[in-house]
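# Structure assessment
Each chain, letter by letter, is given below.
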Amino acid sequence: MAQRMKRWSDKKVAQTFLVVAAIWALELFSVQVMSFDFGYPVPMRKWMGAHAVRLLLDAAFASGCVFLLPRRVTCACFIGFAAFAQIAVYYKAVFGRALTWTTMQAQWAEGIAGARFDWAYVCTPLLLALLTLLAVKFWLLARARPRHPAMRRAGAAAWAVYALTALTAMVWIDPPLKLRSFTTGDRLGMTYGFVLLWAGEAVYLNQEQLLQEAVWQRKNTSDRLSEIEPPLALTGDVVILQVESLDWRVLNHRVGGAPMTPFLNRLADEAMLFKISAFHANGSGDADFLLLNAVPPSSQVMTYNLVHYPYRDTLPQLAASAGYATAAFHGNTGSFFSRAWAFKHMGFDELWFLEELRDTGGLPVSLWGIRDDTLLEFSHMRLQEARGGRPQLHYIITLTSHQPFIYLEPAARLFLPGADTMLDRYFDNMNFVDRHVEQYVGGLAPGTLVIIFGDHRAPVNYASGEDSAQHVPFILHRVGERLAARQVSRILPIAQSGELTMLDAASYVHRLFKEERDEHE
C-alpha cells in the first residue's frame with residue numbers, strides 16, 4: 001500500500017512538473033512566432049515543418065530545464081524569459097526583424113546608451129499573459145514535492161532529444177551554414193528559435209562574412225527618382241537635414257486644432273515633396289549611410305561597424321570633386337555607431353560630433369548630447385564664416401527628438417506643456433524641431449539647397465487607419481525659390497505612394513553633385 005501511495009505521489013509530482021514545462025514551452029513557441037517570419041511566401045508544408053521542428057525543440061528544452069535545474073534557477077529563467085520577451089517583441093516591432101546575436105554583439109554599447117524605459121514600449125497583453133502564467137508556474141512549483149531520480153533522468157533525456165533534433169535539422173533541413181549565403185536570421189529562427197540561431201551566427205558569421213554581404217549589397221542600386229525628375233542645378237551651399245523620428249504622418253497633422261509642424265507644412269507646399277520608404281533594419285545609422293553612399297546598407301549589422309568596408313563614390317567625395325567643402329554635424333558622440341571613423345573614411349573635411357562641438361566649439365551639452373537648436377545655430381555660424389569662399393555641404397543629423405522623447409527640457413516644450421505621455425512628448429519634440437528648422441532655413445543665403453528627410457517612422461500611433469510602414473518625407477527646397485512648380489512628378493502617384501525608397505532619393509542627390517562635378521571639370 002505504501003509503495004502504491006509513493007508511486008501515485010511520484011506520478012503527481014511528475015505531472016506537475018510536466019505541466020510547468022508545457023506552459024513554458026508554449027510561451028517560448030508563442031514569443032518566437034511573434035518574433036520570426038520567413039519574409040517571403042513558402043509552401044504550407046515548409047511553413048508547418050519549421051513550426052513543428054521549433055515546437056519540438058521548445059518542448060524538449062523546457063522539459064530539460066524544469067526537470068533538471070534547481071527550482072530557484074528555473075524560476076529565475078522564467079523571470080528572465082518574461083523580460084526578454086518584451087525586448088524581442090519590441091525590437092521586432094521597431095526594426096521589422098528578429099533580434100540577432102550579430103546585432104547584439106556589434107551594437108550592444110549603442111543599445112545601452114540609447115535605452116530609456118517607457119511604458120509605451122511594453123506590449124501590455126503579452127506582459128499580462130506572461131505574468132499570469134509566471135504566477136501559475138510559481139504556484140505549481142511551490143506546491144510540488146521534490147523531484148525523484150526518474151524525473152532527473154527524464155530531464156536528461158529531454159535535453160538529449162533537443163540535441164538530437166537540432167543535429168538532425170541542421171544536417172538535413174536547415175544547415176546554419178546557410179547564414180553565409182545571406183539567409184536571414186528570421187528565416188533560420190523560424191526553424192530553431194533564438195538560442196540555436198544565435199549559436200549559428202556565433203559560429204558562421206564573422207567580420208569577413210558580414211563584410212562580404214555588405215559589399216554584395218552595393219550592386220542593388222536604384223535610381224527611379226532621377227528617371228522622372230530632371231536634376232536641380234546647384235547654385236550655392238547645400239544643407240542636408242536628417243531629422244530624428246520625422247515621419248510622413250507629421251505633415252499637416254493637427255493636435256487640438258493646431259498644426260504640429262506649421263513650417264514643414266508650408267515647406268511641403270512650396271518645395272519638391274516625396275513620400276519615401278526608409279531603411280531601418282539596424283538603427284538610425286542606416287538612413288545616413290544610405291544618403292551618403294547611395295547603396296543599401298548591410299541587412300544584418302550597422303555597416304559602419306565593418307572596418308574594411310569600401311567607401312567609394314560617397315557624397316562627400318562627389319561634393320569635393322564638384323568644388324565643395326564638406327562638414328558633418330551630429331550632437332551625439334562620434335563613437336556612436338562608429339560614425340566618426342566611417343565619416344572620416346567617406347571623405348568629410350570636417351567632423352563635428354559631441355566631442356568637437358563641446359570641446360572646440362564650446363557648445364553646452366543638454367539632456368542627451370548637443371540640443372538640435374544649438375547644433376543648427378552652430379552650422380549657421382559656420383556657413384556665415386565660409387561665405388565668399390568655397391560652397392559648403394553641411395550634413396546635419398538631429399538628436400533631440402529621439403525616442404522616448406524625453407530629451408527636451410520642460411521650458412522648451414511649448415506645444416503641449418505639462419503633458420507627459422509618450423505621444424504628447426513626440427508632438428512637443430516635432431514642434432520644437434519645426435520651430436528651429438524654420439529659424440535655421442530662414443537665415444540661409446538665397447540659392448542654398450535644403451534637403452530635409454526623416455530617418456524612420458516614430459514608434460507612436462496617432463493617425464487613423466495607419467500601418468507600420470516606414471514612410472518618411474523627403475523635401476527639396478531652394479531658398480528664395482518655389483521648387484514645387486518645377487516638380488515633374490508633383491501630380492503623379494509615384495511621388496506620394498511610398499514606392500520610392502531612400503535609395504532612390506540618395507541616388508538623385510548624388511546625381512546632382514555628379515552633374516555639378518562634370519560642369520566643374
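Just so we're clear, the structure is a prediction, and the values are computed from it rather than from any experiment. (Residues numbered from 1 in each chain as written. Predicted model: local features only at pLDDT ≥ 70, side-chain atom pairs only at ≥ 80, totals over all residues. Heavy atoms only, no water.)

### A few points about the overall build of the protein
Counted only if it meets this: The helix and strand labels rest on DSSP assignments: H or I over at least four residues marks a helix, E over at least two residues marks a strand, and numbering proceeds from the N terminus. Burial classification: accessible surface area is computed with a 1.4 Å probe over protein chains only, and a residue below 20% of its type maximum counts as buried, one above 50% as exposed, and the rest as partly exposed. Note on definitions: a residue-residue contact is assigned when non-hydrogen atoms from the two residues lie within 4.5 Å. To measure how exposed things are, a 1.4 Å probe is used in the Shrake-Rupley method; for residues, cover is taken only from the protein chains shown.
When helices and strands are counted, the protein shows 17 helices and 10 strands. Viewed in the frame of its principal axes, the protein has a C-alpha envelope of about 100 × 50 × 45 Å. Looking at the protein as a whole, 55% of its 521 residues are labelled buried. Nonlocal contacts in the protein, meaning residues at least 24 apart in sequence, comprise 79% of its contacts between residues at least 6 apart. Approximately 22500 Å² of the protein is accessible, and the part contributed by carbon and sulfur atoms is 62%.

### Looking at the side chain of Gln-217
Summarising the element assignment, Gln-217 is placed in helix H8 (residues 207–217). Assessed through its relative accessible area of 13%, Gln-217 is described here as buried. Not counting chain neighbours up to four residues away, the residues in contact with Gln-217 comprise Pro-296, Pro-297 and Ser-299.

### Some thoughts on the pattern of salt bridges
Worth spelling out the cut-off: The salt bridge definition used is simple: a Lys or Arg side-chain nitrogen within 4 Å of an Asp or Glu carboxyl oxygen.
Within this structure, the stated rule accounts for 20 salt bridges. Glu-27 is paired through a salt bridge with Lys-137; the nearest N and O atoms lie 2.5 Å apart. Separated by 110 residues along the polypeptide, Glu-27 in helix H1 (residues 2–35) and Lys-137 in helix H5 (residues 124–143) bring together distant segments of the chain. Accessibility expressed as a relative area gives 5% for Glu-27, which makes it buried. For Arg-187, the salt bridge is made with Asp-174, and the minimal N-O distance between the two is 3.0 Å. Linking Arg-187 in helix H7 (residues 185–204) with Asp-174 in the loop between helix H6 (149–172) and H7, this pair joins segments that are 13 residues apart in sequence. Each member of the pair Arg-187 and Asp-174 is classed as buried. The network of salt bridges with shared partners includes Arg-413, Asp-420, Arg-425 and Asp-428.

### Topic: the environment of His-280
The topology assignment puts His-280 in the loop between strand E4 (272–277) and helix H11 (285–293). Given the relative accessible area of 9%, His-280 is considered buried. In this structure the C-alpha to C-alpha distance between His-280 and Arg-387, which are 107 residues apart in sequence, comes to 36 Å. Not counting residues within four places of it along the chain, the set of residues in contact with His-280 comprises Val-94, Phe-95, Asp-286, His-456 and Gln-470.

### Considerations on the environment of Ser-489
Residue placement: Ser-489 occurs in the loop between strand E9 (471–478) and strand E10 (500–501). Sequence spacing of Ser-489 and Phe-138 is 351 residues, and the spatial spacing of their C-alpha atoms is 62 Å.

### Brief notes about the pairing of strand E5 (residues 325–330)
Cut-off, in case you're wondering: Criterion used throughout: strands pair if DSSP finds at least two bridges between them.
Counting buried residues along E5, 6 of its 6 residues qualify, which places the element largely inside the surrounding structure. Note that E5 and strand E7 (residues 392–397) share 6 bridges and pair parallel. Note that in E7 the partner of Thr-326 across the bridge is Leu-393. In terms of strand pairing, E5 meets strand E6 (residues 350–352) through 3 bridges, oriented parallel.

### As for a nonpolar patch on the surface
The cut-off we apply is this: Patch members must show over 30% relative accessible area and no salt bridge, and they are joined within 9 Å when carrying like charges or within 5 Å when they are nonpolar side chains of Val, Leu, Ile, Met, Phe, Trp or Tyr.
Nonpolar side chains collect at one region of the surface, where Leu-167, Val-171, Trp-172 and Ile-173 lie side by side and expose about 490 Å² of accessible area between them. Tracing the backbone through its elements, the reader meets Trp-172 in helix H6. The exposure class assigned to Trp-172 is exposed, which follows from its relative accessible area of 72%.

### Thoughts on the environment of Pro-410
The residue Pro-410 is located in the loop between E7 and helix H16 (422–442) in this model. A relative accessible area of 68% places Pro-410 in the exposed class. For the pair Pro-410 and Asp-428, spaced 18 residues apart in sequence, the C-alpha separation works out to 9.9 Å.

### Here we look at the nonpolar core
Selection rule: We define a nonpolar core as any set of buried Ala, Val, Leu, Ile, Met, Phe, Trp, Tyr and Cys residues linked to one another through side-chain atoms lying within 4.5 Å.
With 82 residues, the main nonpolar core has Ile-240, Phe-274, Leu-291, Tyr-304, Phe-343, Phe-474 and Phe-513 as its most contacted residues. One finds Leu-264, Ala-271, Val-460 and Ile-475 within the second-largest nonpolar core, a separate group that totals 50 residues.

### Digging into unusual backbone geometry
Backbone torsion omega between Gln-403 and Pro-404 reads 0°, so that peptide bond is classified as cis. By the secondary structure assignment, Pro-404 is in the loop between E7 and H16. Of note in the backbone geometry, Asn-252 takes a positive phi value of approximately 65° without being a glycine. The exposure class of Asn-252 is exposed, given its relative accessible area of 53%.

### Some thoughts on the pairing of E4
Most of E4 is tucked away: 6 of the 6 residues are buried. Of the two faces of E4, both are covered, the one formed by Met-272, Phe-274 and Ile-276 as well as the one formed by Leu-273, Lys-275 and Ser-277. Pairing analysis gives 6 bridges linking E4 to E9, with the strands arranged antiparallel. Bridge pairing in E9 links Lys-275 to Pro-473. Two strands pair when backbone bridges link them, and E4 and E10 are joined in this way by 2 bridges, in the parallel orientation. By the bridge assignment, Ile-276 is partnered in E10 with Leu-500.

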